[in-house]
Amino acid sequence: MSETEIPESDRPGDYPHPRETADFRGQADAESALFDAFMSGRMQHAWLLTGPKGIGKATLAYRMARFVLHYGSAEVARAAGAHDLSVPQASPVFHQIAAGSHPNLLTVRRPWDDKTKKLKTVITVDEVRRIGHFFELTATERGAWRVVVIDSADEMNTNAANALLKALEEPPANALFLVLSHQPGRLLPTIRSRCRTLRMTPLGVDDIAALIADAEHRAENRANEQRRKFSPTPEADRLLLAHLCEGSAGRALSIAGSGGLTLYRELASLLVQLPRADIAALHAFADKAGKRGAGETYETMIELLTHWLQRLVRAGAGLDPGPDIVEGEGAAMRRLAAGGSLDRWVEVWEKISQMTARGEALNTDRKLVILNVFSMLEAVASEGAGA
């Protein structure tokens, strides 16, 4: 496999990578915080960008990297009339970063394992140690910025985290760390204390729908260039995806790219029938989602199922579970939640997560896992129905 064919752990399927993305929506406050800090001349050397996965942290990080490497100083940016972190798309810096070839930008992420032919499950210490070599090798003209993007810090193992802490403690002049974290509470407190935290919030439905349209337009153009077929999401489905992904554009693109909306409709149509799901339809669904070679479909199905159960618990707590994507699912959630204790549904949600993880670890037949999951759901629903 050539270097250009190696999968990137931070690329959302066939959609543009965050470093290639010029559009940025829904995070004006976060962008202003970075812009104002740079323009003040008192730029912190390390920022911790936090918030749920897929809300634009990586897009903002690369947007900031482009800005810093394009302008270099607040004076130059001010003279150019900069008012946000955008830079001209014709800029050489824009193209170099999009291509992953800018010499003063380093991205640290899960690497490819040549032995297993898969991405590693963690960011290793060797990946983080590249930061030291990067600073040694990029000692260019005086005053030049060097930017490190960590995507994401949650994926570092213990040794990698300690290596990052050392790098943060001894940064060279004009070094900028942009550290992404979906769960900052799990990071070393000493890493958090050496960064300025920038909390980002879930996106609005309209912003996500627009981002889906933008990303799919670029993905379609890219597919045409490579003479591949690309099927964009129908416009009517974009708002449904936006509601389904709960503020995460990345999750919306992941669901769209794996045919997840159709999968969700099939899954929810079975769930609303609980405690008596249609046996033939259930087996057909399990055949589709659990067949060999359909790993992405299976993973999406598990994610959608846990999301549905979260909405059920929310409905049982008197909160809005969100709009129906399948007719009657909100009413079904309230009916199932009212039939028993919420603790029981939380328990089954946790058991399903454990069951599916154990099934993958033991290479259990996925269709069997799906059928066992539904058997558990039917049992809990029957308890509430008094069956």
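Before reading further, recall that the structure is shown in the block above.
Residues numbered from 1 in each chain as written. Predicted model: local features only at pLDDT ≥ 70, side-chain atom pairs only at ≥ 80, totals over all residues. Heavy atoms only, no water.

Novice: What is the right way to read unusual backbone geometry from this model?
Specialist: Across the chain, the bulk of peptide bonds are trans and the bulk of non-glycine residues have phi less than zero. Backbone torsion omega between D151 and S152 reads -5 degrees, so that peptide bond is classified as cis. Tracing the backbone through its elements, the reader meets S152 in the loop between β5 (146–150) and α6 (158–169). Cis rather than trans, the peptide bond between L274 and P275 has omega equal to 15 degrees. Structurally, P275 can be placed in the loop between α11 (260–271) and α12 (279–290). (Helix = DSSP H or I, 4+ residues; strand = E, 2+ residues; numbered from the N terminus.)

Novice: Quick question: what am I supposed to make of helix α5 (residues 125–137) here?
Specialist: For α5, with 13 residues, the first-to-last C-alpha span of 19 Å sits near the 18 Å given by 1.5 Å per residue. Taken together, the buried positions of α5 are occupied by V125, E127, V128, I131, F134 and F135. (Expected span 1.5 Å × (residues − 1). Buried < 20%, exposed > 50% of the residue type's maximum accessible area, 1.4 Å probe, protein only.)

Novice: What is the right way to look at the environment of R78 in this model?
Specialist: For R78, the location among the structural elements is in helix α3 (residues 74–79). Using a relative accessible area of 46% as the deciding quantity, one classes R78 as partly exposed.

Novice: What should I look at first to understand the sheet that holds strand β2 (residues 105–108) in this one?
Specialist: The strands making up a sheet associate through backbone hydrogen bonding, with each pair oriented either parallel or antiparallel. Read across the open sheet, the five strands follow the order β2-β5-β6-β1-β7; overall the sheet is parallel. For this open sheet the edge positions go to β2 and β7 (196–199), each flanked by a neighbour on one side alone. In this sheet, neighbouring strand axes are inclined to one another by 20 degrees on average, regardless of whether the strands run parallel or antiparallel. Alignment of β2 against β5, held across four bridges, turns out to be parallel. By the bridge assignment, T107 is partnered in β5 with V149. The strands that helix α2 (residues 57–71) touches are β1 (46–50), β2, β5, β6 (175–181) and β7; relative to β6, the one it contacts most, it runs at about 170 degrees. Each of β2, β5 and β6 touches α5; the most contacted strand, β2, lies at about 170 degrees to it. (Pairing = 2+ DSSP bridges. Axes fitted to C-alpha atoms, helices over the stretch in contact; angles between N-to-C directions. Contact = heavy atoms within 4.5 Å.)

Novice: Looking at this structure, I do not really get the nonpolar core. What am I missing?
Specialist: Side chains that are nonpolar tend, in soluble globular proteins, to be buried together. Judged by nonpolar contacts, the single largest core of 55 residues is most densely connected at W308, W345 and L377. No other element matches the 10 residues that helix α13 (residues 295–316) contributes to this core. Contacts of W345, omitting those with residues within four sequence positions, involve L309, L312, V313, L336, A337, L377, V380 and A381. F24, A37, F38 and M200 belong to the second-largest nonpolar core, a separate cluster that totals 39 residues. (Core = buried A, V, L, I, M, F, W, Y, C linked by side-chain atoms within 4.5 Å.)

Novice: When you look at the side chain of E378 in this model, what are you seeing that I'm missing?
Specialist: Position of E378 relative to the elements: it lies in helix α16 (residues 366–385). It is R276 that comes nearest to the buried, bridge-free E378 among opposite-charge side chains, at 5.7 Å. Filtering out sequence-adjacent residues up to four positions away, E378 remains in contact with L274, P275 and A277. (Lys, Arg positive; Asp, Glu negative; His and termini not counted. Salt bridge = Lys/Arg side-chain N within 4 Å of Asp/Glu carboxyl O.)

Novice: How should the packing of aromatic side chains be read in this particular structure?
Specialist: Geometry of an aromatic ring pair is reported as the spacing of the ring centres plus the angle between the planes. The full count for this structure, using the stated rule, is six aromatic pairs. For the pair F135 and F177, a centre-to-centre distance of 5.9 Å together with 75 degrees between the ring planes defines the contact as edge-to-face. Here the residue F135 occupies a position in helix α5, and F177 occupies one in strand β6, the gap between them amounting to 42 residues. Here F135 matches F177 in class, with each residue buried. Three or more aromatic residues link up through ring pairs in this structure, and these residues are F35, F38, F67, Y71 and W145. (Phe/Tyr/Trp six-rings, centres within 6.5 Å; stacked < 30°, edge-to-face > 60°.)

Novice: Hey, could you run me through the packing of α5 against α6 in this one?
Specialist: When two helices pack together, their arrangement is captured by the angle between the axes and the distance separating the axes. Two elements in contact, α5 and α6, have axes whose closest approach is 8 Å; the angle formed by their N-to-C orientations is 15 degrees. The orientation of α5 relative to α6 falls into the category roughly parallel. As for how α5 packs across α6, the hand of that crossing is left-handed. In this structure, α5 contributes V125, V128 and I131 to the contact, and α6 contributes N159, A160, A163, L164 and A167. Among the residues forming the contact of α5 with α6, the class breakdown is seven nonpolar, one polar and no charged. (Parallel < 35°, antiparallel > 145°, perpendicular 65-115°, else oblique. Left-handed = near helix turned anticlockwise from the far one by under 90°. Nonpolar A, V, L, I, M, F, W, Y, C, P; charged D, E, K, R; others polar.)

Novice: I would appreciate a short explanation of the pairing of β6 in the present structure.
Specialist: Each regular strand displays side chains that alternate between the two surfaces of the sheet. Along β6, seven of the seven residues are buried, which leaves the element largely enclosed by surrounding structure. Burial of the side chains of β6 extends over both faces: A175, F177, V179 and S181 are buried on one face and L176, L178 and L180 on the other. Strand direction decides the pairing type here: β1 and β6, joined by five bridges, are parallel. Across the sheet, residue T50 finds its bridge partner in β6, namely S181. Of the strand pairs in this sheet, β5 and β6 are connected by five bridges, and their pairing is parallel. What sits directly across from V149, in β6, is L178. Handedness of the β5-α6-β6 crossover: right-handed. (Right-handed = clockwise from strand over helix to strand, strands pointing away.)

Novice: Teacher, can you tell me more about the packing of helix α9 (residues 235–244) against α11 here?
Specialist: Where α9 meets α11, the closest approach of the two axes is 11 Å, and the angle between their N-to-C directions is 70 degrees. What the angle tells us is that α9 and α11 run roughly perpendicular. Pair α9 / α11 crosses with left-handed handedness. Counted together, D237, L240, L241 and L244 of α9 and L261, Y264 and R265 of α11 form the full contact between these two elements.

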